[in-house]
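Here's the letter readout for the chains.
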Amino acid sequence: MTAPDPLTPHQRSLFADEALRGVILGYLAEHPAAMDSIEGIAEWWITRQQIRVDVERLASVLERLVAAGVLDAVDEGEARMYRLGRAEAFPWRVTPLPAIEAVPPGDDPMGGLAR
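What you see is a predicted model; the values in this text were computed from it and never measured.

The rules we used
Residues numbered from 1 in each chain as written. Predicted model: local features only at pLDDT ≥ 70, side-chain atom pairs only at ≥ 80, totals over all residues. Heavy atoms only, no water. Helix = DSSP H or I, 4+ residues; strand = E, 2+ residues; numbered from the N terminus. Buried < 20%, exposed > 50% of the residue type's maximum accessible area, 1.4 Å probe, protein only. Contact = heavy atoms within 4.5 Å. Phe/Tyr/Trp six-rings, centres within 6.5 Å; stacked < 30°, edge-to-face > 60°. Pairing = 2+ DSSP bridges. Expected span 1.5 Å × (residues − 1). Bend = angle between axes of the 7 residues up to and from the residue. Salt bridge = Lys/Arg side-chain N within 4 Å of Asp/Glu carboxyl O.

As a further point, take the side chain of Asp-72. Assignment of secondary structure puts Asp-72 in strand β1 (residues 71-76). Given a relative accessible area of 16%, Asp-72 falls into the buried group. If we skip the residues at most four places from it in the chain, Asp-72 touches Val-66, Met-81, Tyr-82, Arg-83, Leu-84, Gly-85 and Arg-86.

So, in structure tokens, the structure goes:
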């Protein structure tokens, strides 16, 4: 059973509006001379800021996974690459996954895509 939502629909709307306001002002803080239509703002300003926030959140999650040993981080020049941690830390990884078999095109309605 889930707990009842303590917010009214109006309060949720206000929080969403405030988050959107923050995204717009964040974009303008980085690009003070920006000017665009509502469509351009939706496509460029909002999307760009959301991606930036998502990338920052992703970086934080990746670093926590590295700290926990779930992922390994490998520095490749200026780029940091991530991969699943060492096999000895994860016994469930030792057993290889079964191979994916291709289905002949005539037998598969999806045109022979692997399943």
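Past the structure itself, the notes keep going.
For the rest of this paragraph, the subject is the packing of aromatic side chains. Under the counting rule described, the total for this entry stands at one aromatic pair. Relative to Trp-45, the ring of Tyr-27 has its centre 4.9 Å away and its plane inclined at 15 degrees; by these criteria the two rings are stacked. Pair noted here: Tyr-27 is in helix α1 (residues 9-30) and Trp-45 is in helix α2 (residues 38-67), with a separation of 18 residues, a long-range link. Take Tyr-27: its relative accessible area is 9%, and that puts it in the buried class.

The subject of this paragraph is the pairing of strand β2 (residues 79-84). Pairing analysis gives six bridges linking β1 to β2, with the strands arranged antiparallel. Across the sheet, the residue bridging to Val-74 is Met-81, located in β2. What sits between the antiparallel neighbours β1 and β2 is a turn of two residues, in which Gly-77 has the positive phi angle 65 degrees.

So, on to α2. Over its 30 residues, α2 extends 42 Å from the first C-alpha to the last, a length consistent with the 44 Å expected when each residue adds 1.5 Å. Remark: the principal bend of α2, roughly 25 degrees, maps to Thr-47. Within α2 the residues assigned to the buried category are Gly-40, Trp-45, Ile-46, Gln-49 and Leu-62. Residues of α2 that are buried sit in contact with α1, β1 and β2.

Evaluated as defined, the whole model comprises four salt bridges. Arg-21 is the partner of Glu-18 in a salt bridge, and the nearest nitrogen-oxygen pair spans 3.1 Å. A residue pair is termed a helical-turn pair when its members lie 3 or 4 positions apart in one helix, as Glu-18 and Arg-21 do in helix α1 at three residues. For Arg-80, the salt bridge goes to Asp-75, with nearest N and O atoms at 3.3 Å. Residue class for Arg-80 comes out partly exposed when judged on its relative accessible area of 37%. One salt-bridge network, held together by shared partners, links Glu-63, Asp-75 and Arg-80.

Shape descriptors only; they carry no functional weight alone.
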